[in-house]
Amino acid sequence: MLPLLRARPRKLGLGTAYLHGLKHASGEFVVIMDADLSHHPKYLPSFIRKQKETGADVVTGTRYVKNGGVHGWNLMRKLTSRGANVLAQTLLQPGASDLTGSFRLYKRDALEDLISSCVSKGYVFQMEMIVRATRKGYHIEEVPITFVDRVFGISKLGGSEIVEYLKGLVYLLLTT
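Residues numbered from 1 in each chain as written. Predicted model: local features only at pLDDT ≥ 70, side-chain atom pairs only at ≥ 80, totals over all residues. Heavy atoms only, no water.

Enquirer: Help me out: how do you make sense of the packing of aromatic side chains in this one?
Expert: The geometry of two aromatic rings is summed up by the distance between their centres and the angle between their planes. Summed over all chains, the structure comprises 2 aromatic pairs. Between the aromatic rings of Trp73 and Phe147, the centroid separation amounts to 5.4 Å while the plane-to-plane angle is 55 degrees, which identifies the pairing as tilted. Taken as a pair, Trp73 in the loop between strand 3 (69–71) and helix 3 (75–92) and Phe147 in strand 6 (residues 146–148) lie far apart in primary sequence, 74 residues in all. Sitting above the plane of the Phe147 ring, Arg63 keeps its charged end 5.9 Å from the centroid. (Phe/Tyr/Trp six-rings, centres within 6.5 Å; stacked < 30°, edge-to-face > 60°. Helix = DSSP H or I, 4+ residues; strand = E, 2+ residues; numbered from the N terminus. Lys NZ or Arg CZ within 6 Å of the ring centre and 35° of its normal.)

Below, the structure written as structure tokens:
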């Protein structure tokens, strides 16, 4: 089956993008990935293979295991991302090594359940999805990926996003 593009009128948040895509998706599994090819489709067979081998509810791409990585980020961006993940690992014990990544394969019913229980917006949404999956007992597996920084456009990561991430981390610490 070929991928379908279902555009929205404007940016409305990551969680609502998931809901929008889910409305148009068919089948038992749903893959979430960046459309700018920062997440290369060549990894999809590994995701599918891992899911078939393990029966996982969520298979997530990770930059932070052997054979994973990032290409095109400066040292400060790498340190910021890695630091955010280490902090979340320490405080939340999420059961996955890459909480801020968004290249994932979900069983459809797990995705529907997780989306309905998430309240976060922006960058924190990805983290909340994995934390809630762990707390609900979903089986999570990881596949190493190399994330390639976007060729067009600019990153939205700035001071306000970092503050929102820290607020989201505290929220998840207190509510999960």
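This is not the end of the story, as more comes after the structure.
Enquirer: Is there a simple way to explain the nonpolar core in this structure?
Expert: Most often, soluble globular proteins have nonpolar side chains that are buried together. Judged by nonpolar contacts, the single largest core of 26 residues is most densely connected at Tyr18, Tyr106, Leu111, Met127 and Met129. Counting only elements with at least two residues in this core, the list comes to helix 1 (14–24), strand 1 (29–32), helix 3, helix 4 (108–117), helix 5 (123–135) and helix 6 (159–175). In terms of residue count, helix 5 provides more of this core than any other element does, 7 residues in total. If we ignore the near neighbours within four places in the chain, the residues touching Tyr106 are Tyr18, Glu28, Phe29, Val30, Ile32, Asp57, Val58, Leu111, Leu114 and Met129. The next biggest cluster of nonpolar side chains, apart from the first, holds 8 residues, and it includes Phe47, Leu105, Val143 and Ile145. (Core = buried A, V, L, I, M, F, W, Y, C linked by side-chain atoms within 4.5 Å. Buried < 20%, exposed > 50% of the residue type's maximum accessible area, 1.4 Å probe, protein only. Contact = heavy atoms within 4.5 Å.)

Enquirer: What am I meant to see in the pattern of salt bridges here?
Expert: Should the charged atoms of two oppositely charged side chains come close, the side chains can pair. Enumeration according to the criterion identifies 6 salt bridges in this entry. We note a salt bridge from Asp57 to Lys107, for which the minimum N-O separation is 3.8 Å. With Asp57 in the loop between helix 2 (44–54) and strand 2 (58–62) and Lys107 in strand 4 (residues 104–107), this residue pair connects regions lying 50 residues apart in the sequence. Side by side, Asp57 and Lys107 carry an identical accessibility label, which is buried. Note that Arg63 is salt-bridged to Asp98, the shortest N-O span being 2.6 Å. Of the two residues, Arg63 sits in the loop between strand 2 and strand 3 while Asp98 sits in the loop between helix 3 and strand 4, which places them 35 residues apart along the sequence. Residues Arg63 and Asp98 agree in their burial class; the two are buried. (Salt bridge = Lys/Arg side-chain N within 4 Å of Asp/Glu carboxyl O.)

Enquirer: I would appreciate a short explanation of the packing of helix 4 against helix 5 in the present structure.
Expert: How two helices sit against one another is set out by the angle between their axes and by the gap between those axes. Where helix 4 meets helix 5, the axes come as close as 10 Å, and the angle between the chain directions of the two elements is 115 degrees. At the point where helix 4 passes helix 5, the crossing takes the right-handed sense. Across the interface between the two elements, Leu111, Leu114, Ile115 and Ser117 of helix 4 pack against Phe125, Glu128, Met129, Arg132 and Ala133 of helix 5. Tallied by class, the residues present in the contact of helix 4 with helix 5 amount to 6 nonpolar, 1 polar and 2 charged. (Axes fitted to C-alpha atoms, helices over the stretch in contact; angles between N-to-C directions. Left-handed = near helix turned anticlockwise from the far one by under 90°. Nonpolar A, V, L, I, M, F, W, Y, C, P; charged D, E, K, R; others polar.)

Enquirer: Even after reading the chapter, I still don't get a nonpolar patch on the surface, so can you show me in this structure?
Expert: Judged by side-chain polarity, Leu87, Leu91, Ile162, Leu166, Val170, Leu173 and Leu174 come together as a nonpolar surface patch covering roughly 600 Å² of accessible area. Taken together, the elements giving at least two residues each to the nonpolar patch come down to helix 3 and helix 6. The residue Leu87 is located in helix 3 in this model. (Patch = residues over 30% accessible without salt bridge, like charges linked within 9 Å, V, L, I, M, F, W, Y side chains within 5 Å. Areas by Shrake-Rupley, 256 points an atom, 1.4 Å probe, with all protein chains shown as cover.)

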